[in-house]
Amino acid sequence: MAWEWPSVHPEAWKFAAVPAALALVFFLSGWSIVAWPMVALTVFICAFFRDPKRASPAGEGLILSPADGLVSQIMTVELPRQLVGEGGLAAGTAMRISIFMSVFDVHINRAPIAGTVTKMAYVPGAFLNADLDKASEENERQYFLIEGADGTKVGFTQIAGLVARRIVGFVREGSIVGTGQRVGLIRFGSRVDVFLPEGYAPNVVKGQRAVAGETVIAVRGAAPARPGPRQ
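Residues numbered from 1 in each chain as written. Predicted model: local features only at pLDDT ≥ 70, side-chain atom pairs only at ≥ 80, totals over all residues. Heavy atoms only, no water.

**Quick look at the nonpolar core**
Ranked by size, the top nonpolar core spans 28 residues in total, and within it Ile63 and Val194 carry the most contacts. Those elements giving two or more residues to this core turn out to be β6 (93-101), β8 (115-123), β9 (141-147), β10 (153-160), β13 (182-186), β14 (190-195) and β17 (216-219). Aside from chain neighbours lying at most four places away, what touches Val194 is Ile63, Pro66, Met95, Arg96, Ile97, Val154, Gly155, Phe156 and Ile217. Within the second largest apolar cluster, eleven residues are counted, among which are Leu79, Leu83, Ala121 and Tyr143. (Core = buried A, V, L, I, M, F, W, Y, C linked by side-chain atoms within 4.5 Å. Buried < 20%, exposed > 50% of the residue type's maximum accessible area, 1.4 Å probe, protein only. Helix = DSSP H or I, 4+ residues; strand = E, 2+ residues; numbered from the N terminus. Contact = heavy atoms within 4.5 Å.)

**Overview of the sheet that holds β13**
Spatial strand order, β7-β13-β11: three strands in an open sheet with antiparallel pairing. Of all strands in the sheet, those bounded by a partner on one side alone are β7 (108-110) and β11 (167-169). Strand-to-strand twist across the sheet, computed as the mean angle between neighbouring axes with direction ignored, equals 25°. Looking at chain direction, β7 and β13 are connected through three bridges and run antiparallel. Its bridge partner lying in β13, Arg110 is registered against Arg182. (Pairing = 2+ DSSP bridges. Axes fitted to C-alpha atoms, helices over the stretch in contact; angles between N-to-C directions.)

**Concerning the pairing of β17**
Pairing between strand β4 (residues 62-64) and β17: three bridges, direction antiparallel. The residue bridging Leu62 from the neighbouring strand is Val219, located in β17. Alignment of strand β15 (residues 201-202) against β17, held across two bridges, turns out to be antiparallel. Along β17, the bridge assignment pairs Pro202 with Ala218.

In structure tokens, the structure reads:
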């Protein structure tokens with residue numbers, strides 16, 4: 001897909017407005033030495049909230065990365081209680097793929113499969129380093145469960161980090177989402193955990209970079225993928 005200058009998500013403007021206004025005031029006052037750091041901060045905020053278009057692979061039995069970042073963990077864990085129970089996943093264990101987002105990564109999160117958002121659960125918590133394993137249980141987080149047309153259920157979690165202080169959702173329970181559709185963002189550094197359904201195997205390795213809405217992180221079978229439409 002040809003590169004395009006990414007748009008900036010509207011969430012950026014309320015954060016960028018203050019340093020941008022201060023930069024203007026300082027320039028008009030002749031204090032350029034103070035104004036330039038404000039310009040740099042404004043540019044950084046806009047870059048953080050960048051929202052590039054993505055071309056999602058099309059094919060059955062694919063789970064896409066919901067986040068840009070580094071694959072930091074691939075391990076078998078107990079499913080979180082927020083995703084199990086009536087209408088959710090069966091209690092037990094599942095393979096978890098964790099993707100760590102630094103402040104330099106795109107922070108728009110996307111749906112790993114197409115389907116219906118059948119369950120969401122927000123849990124307030126601490127703001128530990130999101131790269132720590134205990135962040136999955138102690139940090140502020142938002143759980144999602146998406147059920148595909150074939151009955152496949154994929155759970156994933158937005159986890160706030162050391163710098164991240166706010167999880168923002170774009171969908172609600174009952175929303176119908178397409179593969180790679182934007183579902184939310186986490187401000188300023190964080191992590192996303194994806195719980196693989198039975199019969200799916202990781203298609204990434206620890207230390208690999210993932211791209212939200214494009215990188216196939218798990219597969220059921222080995223059918224080749226083809227580029228899908230931009231989103």
